[in-house]
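Coordinate inspection notes
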Amino acid sequence: MSTAAETPGLAVDIAGLHKSFGPVEVLRGIDMQVKRGEVVCIIGPSGSGKSTLLRCVNLLEEPTAGSVVVNEVELTDPDVDIDAARTKIGMVFQSFNLFSHLNVLNNITVAQIKVLKRGKAEAERTALANLERVGLTGRGTAMPSELSGGQQQRVAIARALSMNPDVMLFDEPTSALDPELVGDVLAVMRRLADEGMTMLVVTHEMQFAREVADRVLFMDGGVIVEEGLSEEVIGDPQEERTRAFLSRVLNPVHVNGPD
């Protein structure tokens, strides 16, 4: 095992993480820790390795080297029961990943029944409670095609929450949404943070990161360039690469002038 036995307050403990796709090294030695109840946002340019890092946390991508410990279980141990470990790690993707042929309620109950072996009644009670939690009371019979993108993403969050995870991973959860739909999803994530959910969030929503994150990590070129309190990293970055990135993101140039 990694250092988990010595650090029981950690939800995530990553050491020496490398990930290569063929000759391309995407992660080049990541060391990071997330405390229980902490919200950590990962920011950085496209291709910096943010999503790959997140996908290594629950072994959707298998690291080339290094260790990943979640809830004191080393996922990179060859003998680990990865399916059991994953049940405690919620994942919300960019593209919702709902089953188009199932209604909302069935989307949320199917993994509870098949993976957690819950009875149908308990699974449905849990699903309805989490639909209420994300502001979608009464939409259980709707099909995904009848929902907006923001509503579909909130269903995806309710589905993840219904597995009672210890850690929630969000991979740019608002990047596929129309701008007017982003706020409702971020509001749900704010509430989860307020409730003490441990969250690791890859995002380009700088205001959310600044207001909600306990810490912010800036990644570029497969390494963590800078990390610290959100107000420090976003409000007063020390590294030139961080400053250049935030300047582009916070002050975009409108080629055609202002709208």
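Here the residue index of a chain counts from 1 through its sequence in written order. Per-residue local features are limited, in this predicted model, to residues with pLDDT of at least 70; the limit for side-chain atom pairs, both in listing and counting, is 80 or more; totals at the level of whole chains, interfaces and linings are taken over all residues. To obtain the side-chain values, all non-hydrogen atoms of the structure were included, while hydrogens and water were left out.

1. Digging into the packing of aromatic side chains
Paired rings are identified among Phe, Tyr and Trp, the last through its six-membered ring, by centres lying within 6.5 Å, and are further divided according to the angle between planes into stacked (under 30 degrees), edge-to-face (over 60) and tilted (the rest). Within this structure, the stated rule accounts for one aromatic pair. The interplanar angle of 40 degrees and the centroid separation of 5.3 Å between the aromatic rings of Phe218 and Phe245 together place this pair among those described as tilted. Here Phe218 is found in strand E9 (residues 215-220), whereas its partner Phe245 is found in helix H9 (residues 240-250), with 27 residues between them in sequence. Judged on exposure class, the residue Phe218 and its partner Phe245 are both buried. Only DSSP runs of H or I with at least four residues qualify as helices, and only runs of E with at least two residues qualify as strands; both kinds are numbered from the N terminus onward. The rule is simple: take the accessible area with a 1.4 Å probe, protein chains only, and divide by the maximum for that residue type; under 20% is buried, over 50% is exposed, in between is partly exposed.

2. Concerning the nonpolar core
Counting residues in each nonpolar core, the largest one holds 48 residues, and the members touching the most others are Val155, Ile157, Met168, Phe170, Met189, Met199 and Val216. No other element matches helix H6 (residues 179-194), which puts eight residues into this core. Whether two residues are in contact is decided by their heavy atoms, any of which lying within 4.5 Å being enough. For Val155, the residues in contact, after removing those within four places along its chain, are Leu98, Val104, Ile108, Leu131, Leu136 and Leu147. For this analysis, a nonpolar core means a set of buried residues of the types Ala, Val, Leu, Ile, Met, Phe, Trp, Tyr and Cys, connected via side-chain atoms within 4.5 Å. Listed in part, the 27 residues of the second largest apolar core include Ala11, Met32, Leu75 and Met91.

3. What to know about the state of the cysteines
Put simply, a disulfide is two cysteine sulfurs that come within 2.5 Å. Across all of its chains, the model carries zero disulfides by this definition. Of all cysteine sulfurs in the structure, the one in Cys56 sits closest to Cys41, which takes part in no disulfide; the separation is 19 Å.

4. Digging into the side chain of Asn58
Inspection of the secondary structure puts Asn58 in the loop between helix H1 (50-57) and strand E4 (65-70). Using a relative accessible area of 4% as the deciding quantity, one classes Asn58 as buried. Leaving out residues up to four positions away in the same chain, Asn58 has contacts with Leu75, Ile82, Arg86, Ile89, Met91 and Leu169.

5. Quick word on unusual backbone geometry
Despite not being glycine, Phe96 shows a phi value in the positive range, around 70 degrees. Mapped onto the fold, Phe96 is located in the loop between strand E6 (89-92) and helix H3 (104-114). When its relative accessible area of 12% is taken as the criterion, Phe96 is described as buried. Notably, Asn97 is not glycine yet its phi reads approximately 60 degrees, a positive angle. Tracing the backbone through its elements, the reader meets Asn97 in the loop between E6 and H3. Look at Asn97 and you get partly exposed, because its relative accessible area is 38%.

6. Regarding the sheet that holds strand E3 (residues 39-43)
Sheet strands line up and pair through hydrogen bonds in the backbone, either parallel or antiparallel. If DSSP finds at least two bridges between two strands, the strands pair. With respect to topology, six strands assemble into an open sheet ordered E6-E7-E8-E3-E9-E10, the strand pairing being mixed. The strands lining the two open edges of the sheet, one partner per strand, are E6 and strand E10 (223-229). Within this sheet the neighbouring strands show an average axis-to-axis angle of 15 degrees, counted without direction. Alignment of E3 against E9, held across four bridges, turns out to be parallel. Bridge pairing links Val40 to Arg215 in E9. Its contacts with the sheet put H6 on E3, strand E7 (167-171) and strand E8 (198-202), and the angle it makes with E8 is roughly 145 degrees. Whenever a helix is involved, its axis is fitted only over the stretch in contact; in every case the axis is a line through C-alpha atoms, and angles between N-to-C directions fall within 0 to 180 degrees.

7. Quick look at helix H5 (residues 149-161)
Take the number of residues in a helix, subtract one, and multiply by 1.5 Å to get its expected span. Between its first and last C-alpha, H5 extends 18 Å over 13 residues, near the 18 Å set by a 1.5 Å rise per residue. Along H5, 13 of the 13 residues are buried, which leaves the element largely enclosed by surrounding structure.

8. Comments concerning the pairing of strand E2 (residues 24-35)
With nine bridges connecting them, strand E1 (residues 10-21) and E2 associate as antiparallel partners. Pairing of Leu10 across the sheet is with Lys35, part of E2. Following E1, the chain reverses through two residues before pairing antiparallel with E2; Gly22 in that reversal takes a positive phi of roughly 60 degrees.

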